Amino acid sequence: MAKAKSKRARQPKLSETERRFEREALSLIPIGLAILLASAIYFNSRLAGSLGHTIHDFLYGNLGYLSWLIPPLLLVAGLLILLDKPLRGFALLSSLVVSAALIAMPLVAHFARPFTGRLGVWMYGLLTGMLGIVGLLVPMVLLTFVLDLAIGQRPGFLSESA
């Protein structure tokens, strides 16, 4: 008895034109979102209106400078989808950048609280409340681990003694 074909096998193959159309349509989502968020985050209500002002207050108020990274990352992701390039390398690089920015938030909150939003102030209060000012060494050590991953070494490589 013959095996039944799966749904994927029964679907007709898409032509190159249809695949390109689907890529273009899919890339409009992150690119459009990047433009909306960029107008809200970078220009506040001058360009984005009341919706943009609300988005700005929510993102910048909670994430601080970390919200500045969202529009460029979405834009690059949309362009990579449009050009049919792999997203794996970009995802790895952007996750390292976002991780480093997130880990650095308590350090930035120590010197410039308004730039870190509620999340950075909370992280700063948590570290200094539990460990005092020495708690700010924790993000520095974690940043070396992120740097280890960025250069392709195992975590702790840069912290070892020579």
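Residues numbered from 1 in each chain as written. Predicted model: local features only at pLDDT ≥ 70, side-chain atom pairs only at ≥ 80, totals over all residues. Heavy atoms only, no water.

Draft legend 1. Just the packing of aromatic side chains, in detail. Summed over the entire model, instances satisfying the criterion amount to two aromatic pairs. On the basis of an interplanar angle of 15 degrees and a centroid distance of 6.0 Å, the ring pair of tyrosine 60 and tryptophan 68 is categorised as stacked. Residue classification places tryptophan 68 among the partly exposed positions, given a relative accessible area of 38%. Seen in terms of ring centroids, tryptophan 68 and phenylalanine 115 are 6.4 Å apart; in terms of plane orientation they differ by 70 degrees. Their pairing is edge-to-face. (Phe/Tyr/Trp six-rings, centres within 6.5 Å; stacked < 30°, edge-to-face > 60°. Buried < 20%, exposed > 50% of the residue type's maximum accessible area, 1.4 Å probe, protein only.)

Draft legend 2. Representation of the nonpolar core in the model. In this structure, Tyr65, Leu66, Ala101, Ala104, Met105 and Met123 together form the largest nonpolar core, which totals six residues. The greatest single-element share of this core, amounting to three residues, is contributed by helix α5 (residues 88–111). With residues near it in sequence (within four places) discarded, alanine 101 still touches Tyr65, Leu66 and Leu69. In this structure, Leu37, Ala40, Ile55 and Leu59 belong to the second largest nonpolar core, which totals five residues. (Core = buried A, V, L, I, M, F, W, Y, C linked by side-chain atoms within 4.5 Å. Helix = DSSP H or I, 4+ residues; strand = E, 2+ residues; numbered from the N terminus. Contact = heavy atoms within 4.5 Å.)

Draft legend 3. Geometry of the environment of alanine 91. Mapped onto the elements, alanine 91 comes out in helix α5. When the C-alpha atoms of alanine 91 and leucine 73 are compared, they prove to be 9.2 Å apart, with 18 residues separating the residues in sequence.

Draft legend 4. Just helix α4 (residues 70–82), in detail. With 13 residues, α4 ought to run about 18 Å at 1.5 Å a step, and its terminal C-alpha atoms sit 18 Å apart, in line with that. Considered for burial, the residues of α4 that qualify are Pro71, Ala77, Gly78, Leu80 and Ile81. On its buried side, α4 packs onto α2 (16–43) and α5. Downstream of α4 by a residue or two, aspartate 84 has a phi angle that is positive, lying close to 60 degrees. (Expected span 1.5 Å × (residues − 1).)

Purely geometric stuff here, so don't read any function into it on its own.
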